[in-house]
Amino acid sequence: MATESMFAWLGRRIKSQDTGSVMLVAPLAAFELLFFVVPFLILVRMSLNESAQAGPYESGLTLDAYRSVLDSGLYHDLVFFSFKLGVIATTIAVLLALFYSYAAYRATGFRKSLLLFSIILPLLTTLVVKTYAWRPLLAPNGVLNDVLMGIGLTSSPIQFAPGMFGTVVGQVYIVFPYAVLAIYSVLSTMDWDTVEAARDLGASRPRSFLEVVVPEALPGIAVATVVSFAWSVGAYAAPSQLGSGQQTTFAMEIENLMLTAFDWPAGAAFSLLMLGGMLVVSLAIMRLFTGSIGGVQDV
Amino acid sequence: MSRVSRESVEDALFRAGYWLLFAVIMLPIVVVFVTSFQQGEYLTFPPSEYSLRWYGEFFASEEWLSAVVDSATIGIGASVLATVLGVTGSLAVQRSDSVLTRVLPPIILLPLLLPPVVIGLTLLIYVNRIGLTSAYLNIVVAHTLWATPLVFFVMQSVFARFDWDLRDAGMDLGGRPSRVFYHVVLPNVRSGVVISAVIAFIVSLQEFIMALFLKSYYVKTVPVLAWTSLESSLTPMVSVVSAFLVLASIVGVLVAAAVMNMEWLAKQL
């Protein structure tokens, strides 16, 4: 009796359209399982192995890799710098993106296409280009110094890159397009009449922007902040091309541990610890934004 | 000051602000094209002398040309794989509401939010443990992890505009699901599929951090070779290969924008 109803149930399932969907989704689900979920389990397992003198690791079951990462003063500095770069680059990128996406939202016709093109093109351009091309612009004998000295703002060249300034410029340039698109996709659904109404009621333009446009764009700003932050904490290309050696991030050290020092358990443990930290901060950012969205709605 | 003149000052400042940003955004792209025609050995901007010297050296270099072949092979592989997985997966999610189709979208989005260095290291450990030794396949897999969510979400918005009654009509007339998909659904979503495949190819062509972790002595993509060459010296050769990479993106964006339009593209990425 019980088996009969089970078969009847199976028969109904097979006749329904759902079976087709399960078969359609199977390749994607299998791919994600095989090349994303399982590799992360292997990564966790690798972090519990022992470091070896010869070869990348030695099988074992120990927390030594975590201990070595947590005890290292050098790694504390790297982590602190990575988060600092994340906060600085994210703040600048999101503020600029808010302005630029608003400009793209207000523009029409060819001008709108041009502004959006200037966002999509860098988005689809290799990180190599986005970082090295700043070097001849920011170097001590570069264009920016020529301009500053030409107009008499400085008397001697400033080393913008390699250094912190160059690293921040490069990293902001990398995440800026993603931040613009995140905010733009929300702004583009906004009804311009609400802003007009606020202005008709006597609000100045900056005030109508801050009190009408920004609250509307908040979900997009939240996404832009989380994405910019995750990528800037994990910055690799900008600090290695435009930093001076003092701008070393955790991602650069991971590359060193994996490809040069061959200490895979330490690389795995360091990555997992950083992912944990980034997850906590990202959730906190989202909470902050949902809190302020709720607050706006209450008013 | 009257309101009108104050507003025109604000307008002028606003316009100056975004055109300045526009100029700064395009500046590195300009540097790439201009310095690719530089004569000298060490990259400077603006160059003092121009020539086609580095283009000549590029086409004479076996190392660079083999990197172009590697990049194209991997790009086509990742584009085909990501398009098949993304289109079928998106179709399934549109038509069904099972547990699997609900947990899948956040999982496939996750690789885009993780630092590429972490994905590179995770896959390096994985392919080493299970013995996958083909650098081609490994990099294709890494790039597919990135390209699939883009294809998936482009197709979500394309399928959302498709009138599913047409498909149901085809089914009622007795068509097999595969035939109905081919004759009824596909013609209506073809441009979305083409754009997805183009975006997937470009994403793979440009990516270099995961490819850096998974490269082998024989298999290096163009961005990886450009990156490693930067460690020794900054020559205009990097600008030559970068100019080709940027050109590929410009063509891709213009094709996608011509098929749909720039605004639609901006909302999908």
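Residues numbered from 1 in each chain as written. Chains lettered and ligands numbered in written order. Predicted model: local features only at pLDDT ≥ 70, side-chain atom pairs only at ≥ 80, totals over all residues.

**A closer look at the overall build of chain A**
Note the cut-off: In DSSP terms, a helix is any run of H or I states spanning at least four residues, a strand is any run of E spanning at least two, and both are numbered starting from the N terminus. Every radius of gyration here is taken over C-alpha atoms, with the globule rule written as 2.2 Å times N^0.38, N being the number of residues. Exposure classes come from backbone-placed C-beta atoms, where a residue is buried if 20 or more other C-beta atoms lie within 10 Å of its own, exposed if 12 or fewer do, and partly exposed in between. We call two residues in contact when the distance between their C-beta atoms, placed using the backbone, is within 7 Å.
Across its full length, chain A carries 14 helices and zero strands. In chain A, the succession of α and β elements from N to C terminus is α-α-α-α-α-α-α-α-α-α-α-α-α-α. The C-alpha atoms of chain A give a radius of gyration of 25 Å, which is well past the 19 Å a tight globule of 299 residues would have. Principal-axis analysis of the C-alpha atoms gives chain A an extent of 85 × 60 × 35 Å. Taking all 299 residues of chain A together, 43% fall into the buried category. The contacts in chain A between residues at least 6 apart in sequence include a share of 71% that link residues at least 24 apart.

**Description of the overall build of chain B**
Along chain B, the regular secondary structure elements total twelve helices and zero strands. Starting at the N terminus and walking to the C terminus, you meet the elements of chain B as α-α-α-α-α-α-α-α-α-α-α-α. Taking the principal axes of its C-alpha atoms as reference, chain B extends roughly 75 × 70 × 30 Å. Residues counted as buried form 44% of the 269 residues belonging to chain B.

**Some remarks on the nonpolar core**
The test is simple: Only buried Ala, Val, Leu, Ile, Met, Phe, Trp, Tyr and Cys residues enter a nonpolar core, and they are joined through C-beta atoms within 7 Å.
Core analysis: the biggest nonpolar cluster contains 164 residues, and A97, A179 and I183 of chain A together with A200 of chain B have the highest contact counts within it. For this core, the leading source of residues is helix α9 (residues 164–187) of chain A, giving 16 residues. Filtering out sequence-adjacent residues up to four positions away, A97 of chain A remains in contact with F176, A179, V180, I183 and A224 of chain A.

**Observations concerning the interface of chain A and chain B**
Where we set the bar: Basically, the charged four are Asp, Glu, Lys and Arg, the nonpolar ten are Ala, Val, Leu, Ile, Met, Phe, Trp, Tyr, Cys and Pro, and anything else, Gly included, counts as polar.
Listed by partner, the interface residues are 68 residues for chain A and 69 residues for chain B. Sort the elements by how many residues they give to the side of chain A that touches chain B and helix α2 (residues 18–47) of chain A lands first, with 18 residues. For the side of chain A that touches chain B, the residue count by class is 48 nonpolar, 13 polar and seven charged.

**Quick notes on the environment of A197 of chain A**
Tracing the backbone through its elements, the reader meets A197 of chain A in helix α10 (residues 192–200). Separated by eleven residues in sequence, A197 of chain A and S208 of chain A place their C-alpha atoms 9.3 Å apart.

**A few points about the confidence of the model for chain A**
Interpreting fine coordinate detail is not advised for predicted regions of low pLDDT. Residues and elements named next belong to chain A. Note the cut-off: Predictor confidence is given residue by residue as pLDDT, running from a minimum of 0 to a maximum of 100.
Residue-level pLDDT values for chain A average 88, and 91% of them are 70 or greater. Averaged over each element, pLDDT in chain A is lowest for helix α1 (residues 2–15) (55) and highest for helix α4 (residues 73–106) (95). Counting contacts from residues 295–299, a segment whose pLDDT is below 50, to residues more than four positions away or on other chains yields one contact.

**Comments concerning the environment of T126 of chain A**
Along the polypeptide, T126 of chain A turns up in the loop between α5 (109–123) and α6 (127–132). In this structure T126 of chain A comes out as buried when scored by C-beta crowding, with 26 C-beta atoms within 10 Å. The contact partners of T126 of chain A, leaving out residues within four places of it in the chain, are Q206, F208, P223 and L245 of chain B.

**Observations concerning the environment of A161 of chain A**
All names here are of chain A. Within the secondary structure, A161 is located in the loop between α8 (143–150) and α9. According to the C-beta neighbour criterion, A161 is buried, with 27 such atoms within 10 Å. In sequence terms A161 and R135 are 26 residues apart; their C-alpha atoms lie 6.7 Å from each other. Contacts of A161, omitting those with residues within four sequence positions, involve W134, R135, L138, A139, G166 and L242.

**What to know about the packing of helix α5 (residues 116–130) of chain B against helix α6 (residues 135–160) of chain B**
All names here are of chain B. Put simply, the test is: Helix axes use the C-alpha atoms of the stretch in contact, all axes being lines fitted to C-alpha atoms, and the angles between their N-to-C directions lie in the range 0 to 180 degrees. What sets the label is the angle itself: under 35 degrees gives roughly parallel, over 145 gives roughly antiparallel, 65 to 115 gives roughly perpendicular, and the rest give oblique. By definition, turning the near helix anticlockwise from the far helix through less than a right angle yields a left-handed crossing, and turning it clockwise yields a right-handed one.
Two numbers describe how α5 lies on α6: the axes approach to 11 Å, and their chain directions differ by 140 degrees. One element, α5, and the other, α6, form an angle in the oblique class. Handedness of the α5/α6 crossing: right-handed. Here α5 contributes I119, L123 and V127 to the contact with α6, which in turn contributes N138, V141, A142 and L145.

**Points about unusual backbone geometry**
Residues and elements named next belong to chain A. Note that the residue after A161, namely P162, is joined by a cis bond; omega there is 0 degrees. Inspection of the secondary structure puts P162 in the loop between α8 and α9. Even without being glycine, F262 reaches a positive phi, approximately 50 degrees. One can find F262 in the loop between α13 (250–260) and α14 (264–298).

**A short note on α5 of chain B**
Owing to its 3.6 residues per turn, the α-helix aligns residues three or four sequence positions apart on the same side. All names here are of chain B. Using the following cut-off: Expected helix span is taken as 1.5 Å per residue step, with the number of steps being one fewer than the number of residues.
Spanning 15 residues, α5 covers 21 Å between terminal C-alpha atoms, matching the ideal 21 Å at 1.5 Å per step. Among the 15 residues that make up α5, twelve are buried, leaving the element largely enclosed by the rest of the structure. One or two residues past the end of α5 sits G131, with phi positive at roughly 80 degrees.

**A few points about the packing of helix α8 (residues 177–206) of chain B against helix α11 (residues 236–259) of chain B**
Residue and element names in this part refer to chain B. Two numbers describe how α8 lies on α11: the axes approach to 10 Å, and their chain directions differ by 165 degrees. Taken together, the axes of α8 and α11 lie roughly antiparallel to each other. Here the hand of the crossing between α8 and α11 comes out left-handed. On α11, the residues touching S191, V194, I195, V198, I199, I202, L205 and Q206 of α8 are L245, A248, S249, G252, V255, A256 and V259. Here the contact of α8 with α11 is composed, by residue class, of eleven nonpolar, four polar and no charged.

**Let's talk about the confidence of the model for chain B**
Residue and element names in this part refer to chain B. Model confidence for chain B is summarised by a mean pLDDT of 89, while 99% of its residues fall at 70 or above. In the model of chain B, helix α7 (residues 164–172) stands out as the element of lowest mean pLDDT, 81, in contrast to helix α9 (residues 209–214), which has the highest, 95. For this predicted complex, the interface confidence comes out at an ipTM of 0.89, alongside a pTM of 0.89.

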